[in-house]
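Architecture and fold: a report
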Amino acid sequence: MSIWSEHLHNSLGSILLTQDQIEQRISEMARQISQDYASLTDDLVVVGILRGSVLFMSQLIKQLDLPLVIDFLAAASYGSGVTSSGNVRITEDTFIDIHGKHVLVIEDIVDTGITLSKVLQMLQLRGPLSLKLCTLLSKPSRRQIEIPVAYCGFEVPDVFVVGYGLDYADKYRHLPYIGVLKENMYS
Ligand code: 5GP
């Protein structure tokens, strides 16, 4: 066993979603999104929230049967801990002018909703034609601010998950599955 596999074996409690489960669901989401925007003649602006959405977004957009452009936005609300600070900072803004455009925001997980409500508020002020949210995961039991989620991959329980883009202290993002981080790793 490699040092890394041994580390994973000791730090992950269980695998919540396998790569197959995740990617099958992403294909379904891509079909739904392609259908919903089928009448689009202009480019859909797909905005990924860095860095957690990167794996999800790349898997999703390959399967969108639509004209689109991609952009990114970085928002920080968590340091290296596991609970929301409630203090959201936009650390890197989008490049494309979204005024008069259909915009689809891609997120890894909606937890309290604090980060996304701030991001969506800010993007709404720029006058997009439409603004929808697509997230791989959602933890509804943790919601503090209600935000409309147009597309959700999976609802997950109140556990701290890593992999498929999601990190703990910037690690584990590259895992092709989603696992539950053992509590003793962060408490
Ligand atoms: P919110 O503002 O909705 O509470 O938090 C959203 C952000 O918190 C996500 O983009 C993600 O970075 C982080 N987050 C929330 N829950 C989890 C989790 O279970 N695992 C990981 N890795 N990050 C999480």
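Look a little higher up for the structure.
To start, this report covers the structure provided alongside it. Small disclaimer: the values here were computed from a predicted structure and weren't measured. (Residues numbered from 1 in each chain as written. Predicted model: local features only at pLDDT ≥ 70, side-chain atom pairs only at ≥ 80, totals over all residues. Heavy atoms only, no water.)

**Some thoughts on the pairing of strand E9 (residues 178-181)**
On a regular strand, one side chain projects to one face of the sheet and the next to the other, so that they alternate. Inspection of the sheet shows strand E1 (residues 12-17) paired to E9 by four bridges, in the antiparallel sense. Along E9, the bridge assignment pairs Ile15 with Gly179. Note: strand E8 (residues 161-162) against E9, two bridges, orientation antiparallel. Counterpart to Val161 in the pairing with E9 is Val180. (Pairing = 2+ DSSP bridges. Helix = DSSP H or I, 4+ residues; strand = E, 2+ residues; numbered from the N terminus.)

**A word on the sheet that holds E9**
Pairing between the strands of a sheet comes from backbone hydrogen bonds, and it takes one of two forms, parallel or antiparallel. Within the open sheet, the three strands sit side by side as E1-E9-E8. Their pairing is antiparallel. Strand pairing shows two members of the sheet lacking a second neighbour, E1 and E8, which therefore form its edges. This element, helix H1 (residues 3-11), spans E1 and E9 of the sheet and lies at about 85° to E1. (Contact = heavy atoms within 4.5 Å. Axes fitted to C-alpha atoms, helices over the stretch in contact; angles between N-to-C directions.)

**Topic: the packing of aromatic side chains**
Any aromatic ring pair is given by two values, namely how distant the centres are and how the planes are angled relative to each other. Applying the stated criterion to the full structure yields four aromatic pairs. Among the aromatic residues, those joined into a cluster by ring pairs are Phe160, Tyr168 and Tyr186. One residue, Lys171, lies across the ring of Tyr172, its end atom 5.9 Å from the ring centre. (Phe/Tyr/Trp six-rings, centres within 6.5 Å; stacked < 30°, edge-to-face > 60°. Lys NZ or Arg CZ within 6 Å of the ring centre and 35° of its normal.)

**Focus: the site of the ligand**
Taken together, 17 residues form the shell around the ligand, and within it Thr112, Thr115, Lys139, Val161 and Asp167 come nearest. Asp108 is positioned with one of its side-chain polar atoms (N or O) 2.9 Å from an oxygen atom of the ligand. At 2.4 Å, a side-chain N or O of Thr115 approaches an oxygen atom of the ligand. For the ligand, whose unbound accessible area comes to 510 Å², protein coverage reaches 93%. Here the residues of the shell around the ligand sort into eight nonpolar, four polar and five charged. (Near = heavy atom within 4 Å. Polar contact = N/O pair within 3.5 Å; in protein donor to acceptor, adjacent residues only side chain to side chain. Areas by Shrake-Rupley, 256 points an atom, 1.4 Å probe, with all protein chains shown as cover. Nonpolar A, V, L, I, M, F, W, Y, C, P; charged D, E, K, R; others polar.)

Scope: geometric values only; no functional claims are made or implied.
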